[in-house]
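Coordinate analysis (summary)
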Amino acid sequence: MVPTKLVLLSSWLPTRTWYRGDGEPDLRIAGGFRLDDPGGEVGIEFMAITDHAAELAWAYHVPLTYRASPLAGADEGLVGTALHGVLGKRWIYDAARDPVAVAEIVALLAGRAKPQAQSESGTSDPSVAIHAAETIIPTNEFGPAQESLSYTDIPVGQRAVRLHRLLDATGAPAEACGSGYVIAPWRTAEGAAARSVFLSFAERPRER
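Residues numbered from 1 in each chain as written. Predicted model: local features only at pLDDT ≥ 70, side-chain atom pairs only at ≥ 80, totals over all residues. Heavy atoms only, no water.

1. Notes on helix α2 (residues 99-109)
In terms of burial, α2 is largely enclosed, as nine of its 11 residues are buried. Among the residues of α2, A101, V102, A103, E104, I105, V106, A107, L108 and L109 are the ones counted as buried. Here α2 starts with a cap whose side-chain oxygen sits 3.0 Å from the backbone nitrogen of V100, and that cap is D98. Just downstream of α2, G111 is the residue with a positive phi angle, here 80°. (Buried < 20%, exposed > 50% of the residue type's maximum accessible area, 1.4 Å probe, protein only. Helix = DSSP H or I, 4+ residues; strand = E, 2+ residues; numbered from the N terminus. Polar contact = N/O pair within 3.5 Å; in protein donor to acceptor, adjacent residues only side chain to side chain.)

This is the structure in structure tokens:
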């Protein structure tokens, strides 16, 4: 794609509440996986990104969606547009603002969706571990995304989908997430293998 995803993210990432750098980022893709859209229209990707420009090489979880046309009412979530060599112009969004992605994240956390390999179409990714929630979560009652210094929470029914934005290479206990979380592998800026919580259910955030 032109411009590349990393070029677009270099401008977008510093505008986020949870971004920890203090200058122009130097971003690298460090891992990730995909989900399939049952409708076959929206690309859904969960990217691990390392910033090599920062004094501390922070790692971020950046989920994106790719669409063939603009998503109505989602201008706040637009990361940018790019030209794909085969598919043409693509509108790229922060997945936290895309209802198709949120619905599939809920399905993943509930054990109803399967993670797909980041770079191989039609190939499942067994390295992504799913600890499914035991309760039934609605997939059509989404509230607006709310960002903090470490997370993005999307109200869903009586709970929230939590996107863990800062990836912790120390392996913080996943059990703290309670019921419903997803752990995926990635590589640190030094090349070390790591596994972190990317997604989980959380308490519904208070209305602002």
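2. Digging into helix α1 (residues 5-12)
Owing to its 3.6 residues per turn, the α-helix brings residues three or four apart onto one side. Regarding α1, the residues found buried are K5, L8, L9 and W12. Summarising the axial view, the buried residues of α1 lie within an arc of 95°, below the 170-degree limit, and thus occupy one face. In this structure, the buried side of α1 is in contact with β1 (27-35), β2 (43-51), β3 (59-67), β4 (78-84) and β5 (88-94). (Arc of directions from axis to C-beta. Contact = heavy atoms within 4.5 Å.)

3. A closer look at the pattern of salt bridges
Applying the stated criterion to the full structure yields 10 salt bridges. In this structure, K5 and E45 form a salt bridge, with 3.0 Å as the shortest nitrogen-oxygen distance. Residue K5 is found in helix α1, and its partner E45 is found in strand β2; the two are separated by 40 residues along the sequence. The two residues K5 and E45 agree in class, both being buried. Here E147 makes a salt bridge to R97, at a shortest N to O gap of 3.3 Å. With a gap of 50 residues between them, E147 in strand β8 (residues 146-147) and R97 in the loop between β5 and α2 connect regions that are remote in the sequence. Here the two residues E147 and R97 agree in accessibility, since each one is buried. (Salt bridge = Lys/Arg side-chain N within 4 Å of Asp/Glu carboxyl O.)

4. A word on the environment of F142
Assignment of secondary structure puts F142 in the loop between β7 (129-131) and β8. Relative accessible area serves as the criterion here: at 28%, F142 is assigned to the partly exposed category. Taking the C-alpha atoms as reference, F142 lies 5.6 Å from P155; in sequence the two are 13 residues apart. Setting aside chain neighbours within four positions, we find F142 in contact with P99, V102, A103, P155 and V156.

5. Quick look at the nonpolar core
Membership of the largest hydrophobic core comes to 32 residues, with the highest contact counts inside it found for F33, V161, W186, F198 and L199. Among the elements of the structure, β1, β2, α2, β9 (151-156), β10 (159-164), β11 (181-187) and β12 (193-203) are those that each provide at least two residues to this core. Ranked by residues supplied to this core, first place goes to α2 with seven residues. Look past the residues within four positions of F198 in its chain and what remains in contact with it is F33, A48, H61, R162, L163, H164, L167, V182, A184, P185 and W186. (Core = buried A, V, L, I, M, F, W, Y, C linked by side-chain atoms within 4.5 Å.)

6. Concerning the pairing of β9
Every regular strand shows the same layout, with side chains that alternate between the two sheet faces. Extensive coverage of β9 is indicated by the burial of five of its six residues. Pairing of β8 with β9, which is carried by two bridges, proceeds in the antiparallel orientation. By the bridge assignment for β9, E147 is matched with T152. Inspection of the sheet shows β9 paired to β10 by six bridges, in the antiparallel sense. Its bridge partner lying in β10, T152 is registered against L163. Between the antiparallel neighbours β9 and β10 lie two residues, among them G157 with a positive phi of about 60°. (Pairing = 2+ DSSP bridges.)

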